[in-house]
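# Secondary and tertiary structure notes
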Amino acid sequence: MEIYADNAATTKISDIAKAAMIECMESSFGNPSSLHSDGQRAAVTLASARRKMAQQLGCSEREVIFTSGGTEADNQAIFSAAALGEKAGKKHIVSSAAEHHAVLHALHRLEKQGFEVTLLPMPESGVLSPKAVETVLRDDTCLVTIMMANNEIGTIQPIAEIGNICRERGVLLHTDAVAASGYVPIDVVRQKIDMLSLSAHKFHGPKGVGMLYARKGIKILSLVEGGSQEGGKRAGTENLPGIVGMATAFEQVCANMRESAAKLTILRDRLIDGLGKIPHSVLNGDKLARLPSNANFCFEAIEGESLLLLLDQKGIRASSGSACTSGSLEPSHVLLSIGRSHEVAHGSLRLTLDHTATEQEVDYMIEATYQVVARLREMSPVWRDLQEGKRKYVI
Ligand SMILES: *Cc1c(COP(=O)(O)O)cnc(C)c1O
């Protein structure tokens, strides 16, 4: 059996998005900035994609800025808010320790430029309390940036409540909704979000394209100089096929969200219950406030990389932590943030499903993980020590 269970790293492009991209490349090949009819046809295609994104998010078309992906959108939101803050003499930013590196590394750059960043610690549940955000706000806070859902442990943050607090205190709220999109409803007005990042390849669109929603009136800084595309906020000829693929994919995932979330929740819970029966295992992140697609576990005395390789041999494409950190020996900063020790965090497994998942596949993944964990433990001197009582179990 071949199962792709790494949908938090990237998703397979949908047939409908792929078809829309091919159609776009064939019939809307012009440059949307050209005045002739081929250019204008491309401009109409671009406007239509923008309208689709805006409709799904509940914002206006002029609040949509197309980018090269989630990373760029995160950077642009954060550097824009920082520039605005600096002008007003506000150089304090609030975020969390479990954010994506696109946010954390952008914040790190700002720290070097004299900004002060408060990273909220995560409770073991991986879900922040709005109160925790409120307590650290200061008069000189210019931005709160908290992700809508975590890409590693799948936990969903109370963004609407955080939005309420930020709006009351006159602080901008940015949310990285890259991992949440397609799984949880987004309404930027109701949730009082000022800026929001999306990435197409996380919801069955193409790679290399994303967007930033920026509420009207917020001055957005352009990260690249050049032409006046995207209202002067993002120079360079638009990635039209990518943008069309993104809008088509997003429309589809939003239309199917309720149905696929209901189906996925049942499968996820079956997966979590099954993996939870493996001795000395622990679920990472709250069981309920989590994406319907995500199961993330740590197993005592297991090395994540070995687990992945053996699962791969059994046809299961999984991950330990995020794709960006695999390949490095550092354990996931997200697992560390919820209090897992280095040792425990190394034995992590993330399985992320999509709408095509079946009960049969879930059962196969449970069985395969069970076998692989048992096999690795048989060979592990640490496990032997644990069994002989020379070491204490952590999980
Ligand atoms: C994937 C991801 C990103 C980065 O998006 P890219 O389009 O790959 O640059 C940012 N934030 C989160 C939460 C993600 O999961």
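Before going into details, it helps to say that this report is about the structure given with it.

Rules of the game
Residues numbered from 1 in each chain as written. Predicted model: local features only at pLDDT ≥ 70, side-chain atom pairs only at ≥ 80, totals over all residues. Heavy atoms only, no water. Helix = DSSP H or I, 4+ residues; strand = E, 2+ residues; numbered from the N terminus. Rg over C-alpha atoms; globule rule 2.2 N^0.38 Å. Buried < 20%, exposed > 50% of the residue type's maximum accessible area, 1.4 Å probe, protein only. Contact = heavy atoms within 4.5 Å. Areas by Shrake-Rupley, 256 points an atom, 1.4 Å probe, with all protein chains shown as cover. Lys, Arg positive; Asp, Glu negative; His and termini not counted. Charge placed at Lys NZ, Arg CZ, Asp CG, Glu CD. Pairing = 2+ DSSP bridges. Near = heavy atom within 4 Å. Polar contact = N/O pair within 3.5 Å; in protein donor to acceptor, adjacent residues only side chain to side chain. Nonpolar A, V, L, I, M, F, W, Y, C, P; charged D, E, K, R; others polar. Axes fitted to C-alpha atoms, helices over the stretch in contact; angles between N-to-C directions. Phe/Tyr/Trp six-rings, centres within 6.5 Å; stacked < 30°, edge-to-face > 60°. Lys NZ or Arg CZ within 6 Å of the ring centre and 35° of its normal.

## Description of the overall build of the protein chain
When helices and strands are tallied, the protein chain shows 13 helices and twelve strands. Scaling as 2.2 N^0.38, a compact globule of 395 residues should have a C-alpha radius of gyration of about 21 Å, and the protein chain matches this with 22 Å. Summarising its shape, the C-alpha atoms of the protein chain cover approximately 75 × 50 × 35 Å along the three principal directions. Here the protein chain, with 395 residues, has 55% of them falling under the buried criterion. In the protein chain, the proportion of contacts linking residues at least 24 apart, taken out of those at least 6 apart, comes to 73%. In the form shown here, the protein chain has an accessible surface area of approximately 17,000 Å², with 53% of it arising from carbon and sulfur atoms. Placing the 42 positive and 46 negative side-chain charges of the protein chain at their respective mean positions leaves the two points 3 Å apart.

## Here we look at the pairing of strand β8 (residues 210-214)
Of all five residues making up β8, five are buried, and the element is well covered by its neighbours. The sheet contact formed by strand β2 (residues 64-67) and β8 spans four bridges and is antiparallel. When the bridges of β8 are listed, T67 appears paired with G210. In terms of strand pairing, strand β7 (residues 195-199) meets β8 through five bridges, oriented antiparallel. The partner of S199 across the bridge, within β8, is G210.

## Brief notes about the site of the ligand
Residues in contact with the ligand, as listed here, are G69, G70, T71, D74, H100, M147, N151, D176, V178, S199, H201 and K202. Measuring from an oxygen atom of the ligand, one finds a backbone N or O atom of G70 at 2.8 Å. Here an oxygen atom of the ligand sits 2.6 Å away from a polar atom, N or O, in the side chain of T71. Computed on the free molecule, the ligand has an accessible area of 380 Å², of which 87% lies beneath the protein chains in the complex. Looking at the shell around the ligand, the element that brings in the most residues is helix α3 (residues 70-87), giving three residues. For the shell around the ligand, the residue count by class is two nonpolar, seven polar and three charged.

## Some points on the pairing of strand β5 (residues 141-145)
With respect to burial, β5 is a largely interior element, five of its five residues being buried. The pairing of strand β3 (residues 92-96) with β5 spans four bridges and is parallel. From the neighbouring strand, I93 faces β5, where its bridge partner is L143. In the sheet, β5 pairs with strand β6 (residues 172-176) via three bridges, with the strands oriented parallel. Within the sheet, the bridge partner assigned to V144 lies in β6 and is L173.

## Considerations on the sheet that holds strand β4 (residues 116-120)
Either a parallel or an antiparallel arrangement is found when strands of a sheet pair, and the pairing is made through backbone hydrogen bonds. What the seven strands build is an open sheet, ordered β2-β8-β7-β6-β5-β3-β4; its pairing is mixed. Every interior strand has two partners, whereas the edge strands, β2 and β4, have only one. The mean angle between the axes of side-by-side strands here comes to 20 degrees, regardless of whether they run parallel or antiparallel. Summarising the sheet, β3 and β4 pair through five bridges and their orientation is parallel. From the neighbouring strand, V94 faces β4, where its bridge partner is T118.

## Looking at helix α9 (residues 304-313)
Regarding α9, the residues found buried are G304, L307, L308, L310 and L311. For α9, the elements touching its buried residues are β10 (294-299), β11 (316-317), α11 (342-346), β12 (348-352) and α12 (359-378). Positive phi shows up at G315, right after α9, with a value of about 90 degrees.

## Side note on the sheet that holds β10
What the three strands build is an open sheet, ordered β9-β10-β12; its pairing is antiparallel. In this open sheet, the two strands that pair with only one neighbour each are β9 (281-283) and β12. Along the sheet, successive strands turn relative to each other by an average axial angle of 25 degrees, direction set aside. In this structure, β10 lies alongside β12, joined through five bridges in antiparallel fashion. Its bridge partner being in β12, F297 is matched across the sheet by L349. On top of the sheet, α9 reaches β10 and β12; it is set at about 40 degrees to β12, its chief contact.

## Brief notes about the packing of aromatic side chains
Scanning the entire structure with this criterion turns up three aromatic pairs. Taking 4.8 Å as the distance between ring centres and 45 degrees as the angle between the ring planes, the aromatic pair formed by F203 and F250 counts as tilted. Of this pair, F203 sits in the loop between β7 and β8 while F250 sits in helix α7 (residues 240-255), and the two are 47 residues apart along the sequence. Its relative accessible area of 1% is what places F250 among the buried residues. On the basis of an interplanar angle of 70 degrees and a centroid distance of 5.9 Å, the ring pair of W383 and Y393 is categorised as edge-to-face. Of this pair, W383 sits in helix α13 (residues 381-387) while Y393 sits in the segment after α13, placing them ten residues apart in sequence. Exposure remark for W383: the relative accessible area of 13% places this residue in the buried category. Positioned above the aromatic ring of F115, the side-chain terminus of K91 is 5.0 Å from the ring centre. For R377, the ring lying beneath its charged end belongs to W383, and the centroid distance is 4.2 Å.

Geometric descriptors of this kind do not, in isolation, establish any biological role.
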